[in-house]
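# Architecture at a glance
Each chain is listed here by its residues.
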Amino acid sequence: MLAFPAESIALLFTPKCGSNSIEEAYEPYAGVRIGGHPSLRHIDLSEYERGFSTLSGDQLGPLETVCLIRDPLDHLRSWYRYLLRPGGGDRWWTHRGGTFDHFLEYVLDVEQTRKMKTQHEFVRDETGEIGVDRIFALERMDRFENFMNERLGVRRTLPVLNRSERVSTSASSELEAKVRRWLAPDFELHAAVLRAEDGWRNPGRRFEPRRVVRKASMASSRADEYRRRAKAFRWW
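Described below are features of the structure shown in this document. Source: prediction; values computed, not measured.

Under the criterion given, the structure shown has seven aromatic pairs. Ring centres of Phe136 and Phe147 lie 5.2 Å apart, and the angle between their planes is 40°; this geometry places the pair in the tilted category. Within this pair, whereas Phe136 is found in strand β5 (residues 134-137), its partner Phe147 is found in helix α9 (residues 141-152), the two being separated by 11 residues in sequence. Owing to a relative accessible area of 1%, Phe136 belongs among the buried residues under this scheme. For Phe147, a relative accessible area of 10% puts it in the buried group. Three or more aromatic residues joined by ring pairs form one cluster here, namely Tyr26, Phe136, Phe144 and Phe147. The aromatic ring of Trp79 is capped on one face by Lys16, whose charged end is 5.7 Å from the ring centroid.

So, in structure tokens, the structure goes:
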């Protein structure tokens, strides 16, 4: 997660949605970085609201939560390619053959779907409603770049990093249909985000950023507050 208190942005890193590239481009301008272990780096909205949402203080007000999502089936393809790499973690589906279809069969298992957080779950608050203020589509990274560059007053282009080796990720029509039923809320949200030229803005959260002059001392102070709170939550 990257936070920009002066620019009123809390940037949440949805797993497998360009986090490395985004961090490379914009971390130098952030007041706060929470990272290290994936459970810290990929704090979802409900975790953010429980532990970090008030840390901008009364002077700056709340931060606009921002994240990216991608086509849900492509999201699973990215996980599959990542887990095939050396050191990519437990290849828990390989005893069934190791193809993308076998991977999908595994993640569609009832017990596994309970463990695997979907993108729709990532952006939800503790009431179960979508709570992220603004969402961009990975497929239209130019829109995200324009938003970040304008708010931060910089001109950055996201580098292409962490690209996995190309492997076959074709899925049977039967399994794809099952995935589409399981991830129906994700597909619906992704379609809405793709249609939004300036990023999908949460209709239930009309966020209006404050224009605040950036001060290095302020960023340092906020960073210390975030780290203290992270330690209190045993996330640091």
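This brings us to unusual backbone geometry. At Ser8, a position not held by glycine, the phi torsion is positive, near 65°. For Ser8, the location among the structural elements is in the loop between β1 (2-4) and β2 (9-11). Overall, Ser8 belongs to the buried group, its relative accessible area being 1%. In this model, Lys16 sits at a positive phi of 60°, which is unusual for a non-glycine residue. Within the secondary structure, Lys16 sits in the loop between β2 and α1 (19-26).

In this section: the nonpolar core. Leu12, Tyr48, Val123 and Ile135 are the most contacted members of the largest nonpolar core, which has 24 residues in total. Of all the secondary structure elements, the ones that give two or more residues to this core are α3 (45-51), β4 (64-69), β5 and α11 (184-195). Here the element with the most residues in this core is α11; it accounts for three residues. Counting 21 residues, the second-largest nonpolar core is a separate cluster that includes Phe13, Cys17, Leu138 and Leu158.

In any sheet, the strands associate via hydrogen bonds between backbone groups, in a parallel or an antiparallel arrangement. Pairing is mixed in the open sheet, where six strands are placed in the order β3-β1-β2-β4-β5-β6. Edge positions in the sheet fall to β3 (32-33) and β6 (200-201), since each of these pairs with one other strand and no more. Looking at chain direction, β5 and β6 are connected through two bridges and run antiparallel. Bridge pairing in β6 places Arg134 opposite Arg201. Each of β1, β2, β4 and β5 touches α9; the most contacted strand, β4, lies at about 155° to it. Sitting on the sheet, α11 is in contact with β4, β5 and β6, with an inclination near 85° to β5.

Criteria and cut-off values
Residues numbered from 1 in each chain as written. Predicted model: local features only at pLDDT ≥ 70, side-chain atom pairs only at ≥ 80, totals over all residues. Heavy atoms only, no water. Phe/Tyr/Trp six-rings, centres within 6.5 Å; stacked < 30°, edge-to-face > 60°. Helix = DSSP H or I, 4+ residues; strand = E, 2+ residues; numbered from the N terminus. Buried < 20%, exposed > 50% of the residue type's maximum accessible area, 1.4 Å probe, protein only. Lys NZ or Arg CZ within 6 Å of the ring centre and 35° of its normal. Core = buried A, V, L, I, M, F, W, Y, C linked by side-chain atoms within 4.5 Å. Pairing = 2+ DSSP bridges. Contact = heavy atoms within 4.5 Å. Axes fitted to C-alpha atoms, helices over the stretch in contact; angles between N-to-C directions.

The analysis is restricted to geometry; functional conclusions fall outside its scope.
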